[in-house]
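Structure assessment
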Amino acid sequence: MTDARVRRQKAIADLIRAEPLGSQEEVTARLGAMGFSVTQATVSRDLDQMGAVKVKRGGALSYALPDQLGDNDWAATRLQRILREWVLSVEAAGNLLVLRTPPGSAHLVGLALDQARLEEVAGTISGDDTLFVAVRDGADPGIMAGRFSKLSLEPS
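Below you will find a few notes about this structure.

Thresholds, definitions, all that
- Position numbers for residues start from 1 in each chain and track the written sequence from start to end.
- Whole-chain, interface and lining totals are the exception, using all residues; otherwise, since this is a predicted model, local features are given only for residues with pLDDT of at least 70 and side-chain atom pairs are given and counted only at 80 or more.
- Calculated side-chain values reflect all of the structure's heavy atoms, with hydrogen atoms and water omitted.
- Axis definition: a line fitted to C-alpha atoms, limited for helices to the stretch in contact. Angles are taken between N-to-C directions and run from 0 to 180 degrees.
- Numbered from the N terminus, helices here are DSSP runs of H or I no shorter than four residues, and strands are runs of E no shorter than two.
- Between 65 and 115 degrees an angle is taken as roughly perpendicular, under 35 as roughly parallel, over 145 as roughly antiparallel, and anywhere else as oblique.
- Note on contacts: a residue pair qualifies if any of its non-hydrogen atoms lie within 4.5 Å across the two residues.
- Charged means Asp, Glu, Lys or Arg here, nonpolar means Ala, Val, Leu, Ile, Met, Phe, Trp, Tyr, Cys or Pro, and polar covers whatever is left, Gly included.
- Whether two strands pair depends on DSSP finding at least two bridges between them.

**So, the packing of helix 2 (residues 24-33) against helix 3 (residues 40-50)**
As a packed pair, helix 2 and helix 3 sit with axes 9 Å apart at the nearest point and diverge in direction by 105 degrees. Considering their axes alone, helix 2 and helix 3 lie roughly perpendicular with respect to each other. Facing Gln24, Glu25, Val27, Thr28 and Leu31 of helix 2, the residues of helix 3 in contact are Gln40, Val43, Ser44 and Leu47. When the residues that make up the contact of helix 2 with helix 3 are grouped by side-chain class, the tally is four nonpolar, four polar and one charged.

**Focus on the packing of helix 5 (residues 79-86) against helix 7 (residues 141-153)**
The interhelical angle for the contact between helix 5 and helix 7, taken along N-to-C directions, is 75 degrees, at an axis separation of 7 Å. By the angle between their directions, the pair helix 5 and helix 7 is classed as roughly perpendicular. Contacts from Gln80, Leu83 and Arg84 in helix 5 reach Phe148, Leu151 and Ser152 in helix 7. A per-class count over the contact of helix 5 with helix 7 returns three nonpolar, two polar and one charged.

**Description of the sheet that holds strand 5 (residues 121-126)**
What the four strands build is an open sheet, ordered 3-4-6-5; its pairing is antiparallel. A single partner strand is all that each edge strand has here, and the edge strands are strand 3 (89-93) and strand 5. Across this sheet, the average inter-strand angle for adjacent strands is 20 degrees, counted without regard to direction. Relative to strand 6 (residues 130-135), strand 5 runs antiparallel, the two sharing five bridges. If you follow Gly123 over to strand 6, its bridge partner there is Ala134. Sheet strands in contact with helix 6 (residues 106-116) are strand 4 (96-100), strand 5 and strand 6, and its direction is about 165 degrees off that of strand 5.

This is how it looks when you write it as structure tokens:
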């Protein structure tokens, strides 16, 4: 990584930790105010390389870094809230569960499931609005689909 990229990504991390930034354009503008000459495409690549994701906080979406996720909203105790807020439907398909989310949200649910470290879940694959959950041998996908459906529909 070039020295300029390292400095820029450190600045992005500092900005994300200091204030809620909900768009690449906001990040680009803040970097510009700090003297960095960058395009939105560069910021997009940086955010991706850094593992930054958008999370819902206080009703608004903003970027968060991987180290901010593990002990916040994404802990296993918060899985119900994430399923309730983001999952539109759950369906068993063989040894997979297929979860549908609003566009651009499947990775949020996948990350929450990965971090919850559920015994029955071998892993997840996230697309834009669809998440595949691989169920371990011995676990019943139908029962898990029912549990996830129930959690996603329960009121707060």
